[in-house]
Every structure is written in structure tokens, then in C-alpha cells.
Amino acid sequence: MTVSGNSAPRSSAESVDLAAQVGRVAAPLRQQVLDVLRQAILSFHYAPGQRLIERELIEEIGVSRTTIREALRELAAEGLVKTIPQKGAVVVVPSPQEALELYELRAVLEALAVRRFTEVASDEQVAELRAAFEQLAEAASGEGETLRILKAKDHFYDVLLRGCGNRSVHSTLSGVQARLSLLRATSLAQPGRTGRSVQELRTMVEAIEARNAEAAVRACNHHIEQAKRAGLEGLSASSGVPFSGATV
């Protein structure tokens, strides 16, 4: 796919039938369209910086202008799309500084959540975290879809945050994770990254099960550092926006 600020034609090999993905499940049409567009962005069917032209989306997905606009507004609220005057909706390309600030905030909050979970979570909550991890490992095995892996990872972190006993950390970190969605997708898209991510989280879960807070926090920090490196390198490669020095 050609990456540019304009809508670019796709070859037949690159084409994805988005319209065929709508109507597969018993969900409101607006939600189906939102899910399809989100997956298209996170799988780089629409590249960072690419314009999302309403007329083309209507033709490609086969729904009304109103439904497309509602979905684009929701994607803008999630931080995946932004509206530029005279240009319309564009897939977000985080600046190096924005990305680093988000990863820095994630590192601080997630380390706190992991420490608190290790210290205060019940045995039942630790077992729930292990089960959520195994679901993530299963989703990541083979040729798992990016959105399926991200949903499994979101569930893993939801269990972690609910068990950490700090509602402020839970709500704040959930918002940070949402804003990092595109970078998380670029990270997982790097060759071998998904498997390494699973192993990093396995180390963290094992430390939590051993009630070793220091080891759990070290594993957490290592996981975030590797995710940051892969995410920024991947976004640089897919968008053409240099992230010089961003992963040092």
C-alpha cells in the first residue's frame, strides 16, 4: 500500500472487502461499521496519515453517509482519526513527542498497577489474570488478527487494573491504552513482536503469581520498553515519519 496523505488506490492483492464484514453478527449497524473501520486502521488497510474520504468509504462499505460520519466521530474520540479543516478525516500519526509522552505515562501507571496487584490481589484475582493471559497467548498463536489480539490484551489489562485496588489508576491507564491503540498495533505488526510480547507478559504473570513485586515491576518495565521501541519503529516505517532518537 502506498502511504500518503491522500487516498491511494489499492491493487487487487491488497484489496479487503470491508462491505462483506458488515452484517456478519447481530449487532447495530453503526457498531459493525465502527468495528470494521477500527480493524481497517489497526491492520493498516488505511495507513497512518491517509485521508478517509466519506464518498469512498460509503462506496467501499455500502452504508449511509450518516453511519460513516457517526463512526468517524467515534474513531476521533478514540484517538485513531482526526479531522483537519479543508481536508477531512485523516488516520492519526502521533508525533514522536506525543508517542513518547504516552509511553512514559503508561510506564509509570502500569508499574504502579502491577506492584499494587501483586501486593493486594486475591488468589482468585491472580488466577483470573492467569486465565486472561492464557486467552491472550491463544489469540496470539498462529495468524491471529490484530484486533483479536488487542481485545485479548485489553481484557488482560482490565483484570490487572480491576485487581490493583486503585480506581484512579484504572480509569487513567485505560484512557492511555486507548490513545496508544495505533502504536500497539504497529508494535504487534513487527516480525516476531507478538511472540516476544507474550513471553514478556508471561514473565510478569509468573512474578505476580510468586508475589514478587520487584520482579513483576521489572518485567512490566521491560515489556513497555520493548513495546515502545517496536511501536515507534513500526510507525516510522509505515508512515514515513522519522522517529529519530525516539527509541534511545
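1. Points about the overall build of the chain
When helices and strands are tallied, the chain shows ten helices and three strands. Order of helices (α) and strands (β) in the chain, N terminus to C terminus: α-β-α-α-β-β-α-α-α-α-α-α-α. Looking at the chain residue by residue over its 248 residues, the buried ones come to 46%. Long-range pairs, those at least 24 residues apart, make up 72% of the contacts in the chain between residues at least 6 apart in sequence. About 11,900 Å² of surface is accessible on the chain, with carbon and sulfur atoms providing 50% of the total.

2. What about the confidence of the model for the chain?
Of all residues in the chain, 83% attain a pLDDT of 70 or more, and the chain-wide mean is 83. Across residues 244–248 the pLDDT falls below 50, and counting only partners more than four positions away or on other chains, this stretch makes eight contacts in the model.

3. Quick look at the pairing of strand β2 (residues 81–84)
Where β2 meets strand β3 (residues 88–91), four bridges bridge the pair, whose relative direction is antiparallel. The residue of β3 that forms the bridge with Val81 is Val91. Hairpin connection of β2 to β3: three residues between the antiparallel strands, including Gln86 at a positive phi of 70°.

4. Some remarks on the packing of aromatic side chains
Under the counting rule described, the total for this entry stands at one aromatic pair. Judged by centre distance (5.4 Å) and plane angle (85°), the ring pair of Phe156 and Tyr157 falls under edge-to-face. The pair formed by Phe156 and Tyr157 is uniform in burial state, with each residue classed as buried.

5. A few points about helix α9 (residues 193–209)
The terminal C-alpha atoms of α9 lie 24 Å apart, and with 17 residues this matches the ideal 24 Å at 1.5 Å per residue to within 8%. Just downstream of α9 lies Arg211, where phi reads positive at about 60°.

6. Quick word on the sheet that holds strand β1 (residues 51–52)
Strand order in this open sheet of three strands is β1-β3-β2, and the pairing throughout is antiparallel. Edge strands, defined here as strands with exactly one partner in the open sheet, are β1 and β2. The pairing of β1 with β3 spans two bridges and is classified as antiparallel. Within β3, the position partnered with Leu52 by the bridge is Ala89.

What counts and how
- Residues numbered from 1 in each chain as written.
- Predicted model: local features only at pLDDT ≥ 70, side-chain atom pairs only at ≥ 80, totals over all residues.
- Heavy atoms only, no water.
- Helix = DSSP H or I, 4+ residues; strand = E, 2+ residues; numbered from the N terminus.
- Buried < 20%, exposed > 50% of the residue type's maximum accessible area, 1.4 Å probe, protein only.
- Contact = heavy atoms within 4.5 Å.
- Areas by Shrake-Rupley, 256 points an atom, 1.4 Å probe, with all protein chains shown as cover.
- pLDDT = per-residue confidence, 0-100.
- Pairing = 2+ DSSP bridges.
- Phe/Tyr/Trp six-rings, centres within 6.5 Å; stacked < 30°, edge-to-face > 60°.
- Expected span 1.5 Å × (residues − 1).

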